[in-house]
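Report on the structure
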Amino acid sequence: MTQRPSRRPAPRPPEGTPAQAELARMARSRLAGAARVAHWADAALGPGRDGGQADGKATLSDTSAERAAADLGLTAAQVRADWDTARLAGLVEVHGDSARPGWRLRAWDRDDSAVLRGWVAFFDAWSLAHPEPGEREAAAVAEVVSAMPQVLSFLQLSAGPVPVEQLLDLLEQRVTELRTERCEIPYGPQPAPDTDVDVDTDVDVDTDADDERTGEDAEAQTAEDTPLAPLLDWALHALASVGALTYGDGQATLTPLGSWAVWVKLEQICVAAQSPAGNIEAVAEEMLRGCAQLRPKAARDEYRAWLAARPVGSAVTELLAAARGEDALLRGLAFEALRVVGAPAEPDVRAVTDEPGLRPYALLWLAEHDGVDPEDAHEVLTREEATWLWVDTAAAVADHGEAPLLVRHLESAVQPTVPMLLDEVRAVGHPRTVQVLVALAAAHPDPALAKAVRRAAFQVHTGGN
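So, a few notes on the structure that sits alongside this text.

Each helix and strand counted, the protein has 23 helices and 5 strands in total. The burial tally for the protein puts 41% of its 465 residues in the buried class. Pairs at least 24 residues apart make up 66% of the contacts formed inside the protein by residues separated by at least 6 positions. Surface exposure of the protein reaches about 25100 Å², of which carbon and sulfur atoms provide 52%.

In structure tokens form, the structure reads like this:
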């Protein structure tokens, strides 16, 4: 039996942490240049204009950078730096070789949580915001990046300046732990092979694999020989450049924003550890199937744990991919999970309103997101969309529910009579119409109504009237 992780209370914000409004003011100040360039691009570079280069990164073209510099009173280099920050903070979203305003930019002036999410995204990208020392071994740089969360946690617990020498000791200990966890076979001389082995059996040894292992061993050894003090200096400068800490005079101190961000990360870890059903590592489809039998609150807890364990963008993409599948139950559950995501999912949900199979779910999601009472949200659907959703929901009930549930599902139809419902169901063109009608006919206790439903299923199947 797999032991579930114990449920622990989420960590409390560190004492003395400013209120959210004050933290948001700090974040707006830190990202002001990025927001200014993003707003300029939104206004000046409309669809179809020359705003980015076709490099898959939505880099500003030379013409656009110079134009922004002239309009904003900056240098082109400053514009490019602010543009890069805007992308890292999610104020600008890259789609292929083009960019568009992110949801955070739309909410920048009115939503403190959107601003703070943007700053945390920038904080997460600290190793990209400040160029890494190019002459250093890449493996050693990666180890330092992986070890810095523990260094940051120590800084938060210290709640004040910490000497760099103390941070270096901690970093070296953590990097050693990472190397120990990674290496299943110790470096250095290995035991000699068994001399009784027939020499002829060795002719098929995979020399390419041996060469690869030798290269990996050499790379790991080079990383171990790389001094960590210069890399710690780079990491602290990078974290200072995003506003997470101050660094100077041989010591480092977390800023209020940095302390708050570390707390957010610890809270996410605790939320992920509280998964009631243990689906954190599962792909979206498997996670949704695992939630199918849970009560609504337990399912929402599971969604939150699953979301806390991965970047929001990739999580939304996974959920929408699951919603596009053939299982109607997963479609409904995917949009329930997207309700837990909230505002960050809005651009992607809005984008799928052009997909017939997802449009009714997306419209309901958007209506509720805009503040419409869930009981009234169905009014945003056309009669045809509501009928399509009725059939899709009936398919989920037929596949996963019990016969009485399917019979009761008749009461949720927008049509006032069964004959009207059958007429409109036949016309809506849902791919599961026949199966739904056959299941409904088999489940309904009224013989006359069941006969009418079977006749409608036959007509859809044969294409008749």
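Moving on, we come to the packing of helix α15 (residues 312–323) against helix α16 (residues 328–341). Helices that pack against each other are described as a pair by the angle of their axes relative to one another and the distance between those axes. Put simply, α15 and α16 touch, their axes get as near as 8 Å, and they point 160° apart. The orientation of α15 relative to α16 falls into the category roughly antiparallel. Between α15 and α16 the crossing geometry is left-handed. Counted together, Val-312, Val-316, Leu-319, Leu-320, Ala-322 and Ala-323 of α15 and Leu-330, Arg-331, Ala-334, Phe-335, Ala-337, Leu-338 and Val-341 of α16 form the full contact between these two elements. A per-class count over the contact of α15 with α16 returns 12 nonpolar, no polar and 1 charged.

Bringing the packing of aromatic side chains into the picture now. A complete count under the given rule lists 3 aromatic pairs for this structure. With a centroid separation of 5.6 Å and 20° between ring planes, the pair formed by Trp-119 and Phe-123 is classed as stacked. Placement of the pair is Trp-119 and Phe-123 together in helix α6 (residues 112–124), with a separation of 4 residues, close to one helical turn. Each member of the pair Trp-119 and Phe-123 is classed as buried.

Mapping Thr-85 onto the fold places it in helix α4 (residues 76–88). Residue class for Thr-85 comes out buried when judged on its relative accessible area of 16%. When near neighbours in sequence (up to four residues on either side) are disregarded, Thr-85 contacts Leu-31, Ala-34 and Phe-122.

The phi angle at Ala-159 is positive, at roughly 55°, despite the residue not being glycine. A positive phi angle, close to 55°, is found at Asp-249, a residue other than glycine. Tracing the sequence through the fold places Asp-249 in the loop between β4 (245–248) and β5 (251–254).

Turning our eyes to something else, we now look at the environment of Ala-44. The topology assignment puts Ala-44 in helix α2 (residues 32–44). Ala-44 sits 23 residues away from Arg-67 along the chain, and the two C-alpha atoms are 9.4 Å apart.

It is worth spelling out the sheet that holds strand β3 (residues 162–163) at this point. Pairing is antiparallel across the open sheet formed by 3 strands, whose spatial order is β3-β5-β4. Of all the strands in the sheet, just β3 and β4 have a single pairing partner and so form its edges. In this fold helix α8 (residues 138–158) packs onto β3, β4 and β5, with an angle of close to 75° to the strand it touches most, β5. Contacting β4 and β5, helix α11 (residues 229–241) crosses the sheet at an angle of about 135° to β4.

In this section: the layout of surface pockets. In this model, the second largest pocket occupies a volume close to 810 Å³. Lining the second largest pocket are 26 residues, with Leu-329, Gly-332, Leu-333, Thr-393 and Ala-396 sitting closest to its centre. For the lining of the second largest pocket, the secondary structure elements donating two or more residues are α14 (296–308), α16, α18 (359–369) and α19 (383–400). Ranked by residues supplied to the lining of the second largest pocket, first place goes to α16 with 7 residues. Class assignment of the residues belonging to the lining of the second largest pocket gives a composition of 16 nonpolar, 5 polar and 5 charged.

Where helix α22 (residues 433–443) meets helix α23 (residues 447–462), the axes come as close as 8 Å, and the angle between the chain directions of the two elements is 160°. As judged from the angle between their axes, α22 and α23 are roughly antiparallel. The interaxial crossing formed by α22 with α23 has left-handed handedness. In this structure, α22 uses Thr-433, Val-434, Leu-437, Val-438, Leu-440 and Ala-441 to contact α23, whose residues at the interface are Ala-450, Val-453, Arg-454, Ala-456, Ala-457, Val-460 and His-461. Grouping the amino acids of the contact of α22 with α23 by side-chain chemistry returns 10 nonpolar, 2 polar and 1 charged.

About the cut-offs
Residues numbered from 1 in each chain as written. Predicted model: local features only at pLDDT ≥ 70, side-chain atom pairs only at ≥ 80, totals over all residues. Heavy atoms only, no water. Helix = DSSP H or I, 4+ residues; strand = E, 2+ residues; numbered from the N terminus. Buried < 20%, exposed > 50% of the residue type's maximum accessible area, 1.4 Å probe, protein only. Contact = heavy atoms within 4.5 Å. Areas by Shrake-Rupley, 256 points an atom, 1.4 Å probe, with all protein chains shown as cover. Axes fitted to C-alpha atoms, helices over the stretch in contact; angles between N-to-C directions. Parallel < 35°, antiparallel > 145°, perpendicular 65-115°, else oblique. Left-handed = near helix turned anticlockwise from the far one by under 90°. Nonpolar A, V, L, I, M, F, W, Y, C, P; charged D, E, K, R; others polar. Phe/Tyr/Trp six-rings, centres within 6.5 Å; stacked < 30°, edge-to-face > 60°. Pairing = 2+ DSSP bridges. 1 Å grid on protein atoms, 1.4 Å probe; cavity = no way out; pocket = protein on both sides within 12 Å on 5 of 7 lines; lining within 4 Å. Points joined across faces, edges and corners; volume = space filled by probe spheres on them.

Keep in mind that these numbers describe shape and distance, not what the molecule does.
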